[in-house]
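The primary structure of each chain is shown beneath.
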Amino acid sequence: MPECIICRRKVLMVDQKGLCGECRAAATLEVATRLDTIYLHYRTVQGSDDFEECLKSCDLIIKEAEALLPYEKLEIEVAPPLPSEIIDMMREIKDDIIMEEAERLLQSLDANTAADSGRLPIPPRSCGEAALKLRELKSMMSAPSRLADIEREFEEKYRTSIMD
Ligand SMILES: [Zn+2]
């Protein structure tokens, strides 16, 4: 008698992938449910302007896609885009969203700074807070090196204010 590749029970028959009827039904349901969640949150990422909300949805999508990886390995019930592709894509999109937030942070500092003044009127505390925020944003990125240009710009413009 064939053995199911998931529950390892000997059963009368398994399908082409080697799953028994019960495991097949469970797999189908789990994949469909997780994909629903993924699409729901993807719509949020595409449609929302709220940084925290988008970030949360990116993380949820990545978590759901990670839970689907075992199915991808077994080639069960998953179709393109594959969970691993979804994870890569969402990590990049999440980094994009974080970059935009970092740019907004820099712009908000710039907006408070007179364009041609040599000395910056921004209080050191604001610069310190911005530096902390930048570091926090960087720590959330999959490819933190992408933030290098923004960090450099921040250092050049506002570092002296922090040191004062
Ligand atoms: Zn089974």
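Everything quoted here is computed from the prediction, not taken from an experiment. (Residues numbered from 1 in each chain as written. Predicted model: local features only at pLDDT ≥ 70, side-chain atom pairs only at ≥ 80, totals over all residues.)

1. What about the packing of helix H2 (residues 51-67) against helix H4 (residues 83-111)?
If you want to describe how two helices pack, look at the angle between their axes and the distance between the axes. One way to put it is that H2 packs onto H4 with a least axis distance of 9 Å and a crossing angle of 165 degrees. The orientation of H2 with respect to H4, classified from their angle, is roughly antiparallel. The handedness of the crossing between H2 and H4 is left-handed. Here Phe51, Cys54, Leu55, Cys58, Ile61, Ile62, Ala65 and Glu66 of H2 lie close against H4, whose contacting residues are Pro83, Ile86, Ile87, Met90, Arg91, Ile93, Lys94, Ile97 and Glu101. The class makeup of the residues in the contact of H2 with H4 is 13 nonpolar, no polar and four charged. (Axes fitted to C-alpha atoms, helices over the stretch in contact; angles between N-to-C directions. Helix = DSSP H or I, 4+ residues; strand = E, 2+ residues; numbered from the N terminus. Parallel < 35°, antiparallel > 145°, perpendicular 65-115°, else oblique. Left-handed = near helix turned anticlockwise from the far one by under 90°. Contact = placed C-beta atoms within 7 Å. Nonpolar A, V, L, I, M, F, W, Y, C, P; charged D, E, K, R; others polar.)

2. A few points about unusual backbone geometry
The step from proline 80 to proline 81 runs through a cis peptide bond, and the omega angle for that step is -5 degrees. Backbone geometry places arginine 8, a non-glycine residue, at a positive phi of 65 degrees. Along the polypeptide, arginine 8 turns up in the segment before helix H1 (21-47). Of note in this structure, glutamate 75 is not a glycine but carries a positive phi near 55 degrees. Turning to its location among the elements, glutamate 75 is positioned in the loop between helix H3 (69-74) and H4.

3. Looking at the nonpolar core
In terms of nonpolar packing, the biggest core is built from 29 residues, with Leu19, Cys58, Ile61 and Ala65 touching the most fellow members. Elements with a contribution of two residues or more to this core: H1, H2, H4, helix H5 (124-139) and helix H6 (148-163). With six residues, the single largest contributor to this core is H4. Taken domain by domain, this core gets at least three of its residues from each of domain 1 (1-79) and domain 2 (95-164). In this view, isoleucine 61 contacts Ile38, His41, Tyr42, Ile86 and Met90; residues no more than four positions away in its chain are not counted. (Core = buried A, V, L, I, M, F, W, Y, C linked by C-beta atoms within 7 Å. Buried ≥ 20, exposed ≤ 12 C-beta atoms within 10 Å, placed from the backbone. Domains from an automatic or database assignment.)

4. Some thoughts on the environment of phenylalanine 154
Considering the arrangement of structural elements, one finds phenylalanine 154 in helix H6. By C-beta crowding, phenylalanine 154 is classed as buried, having 20 other C-beta atoms within 10 Å. Considered as a pair, phenylalanine 154 and leucine 105 are 49 residues apart in the sequence and their alpha carbons are 9.7 Å apart.

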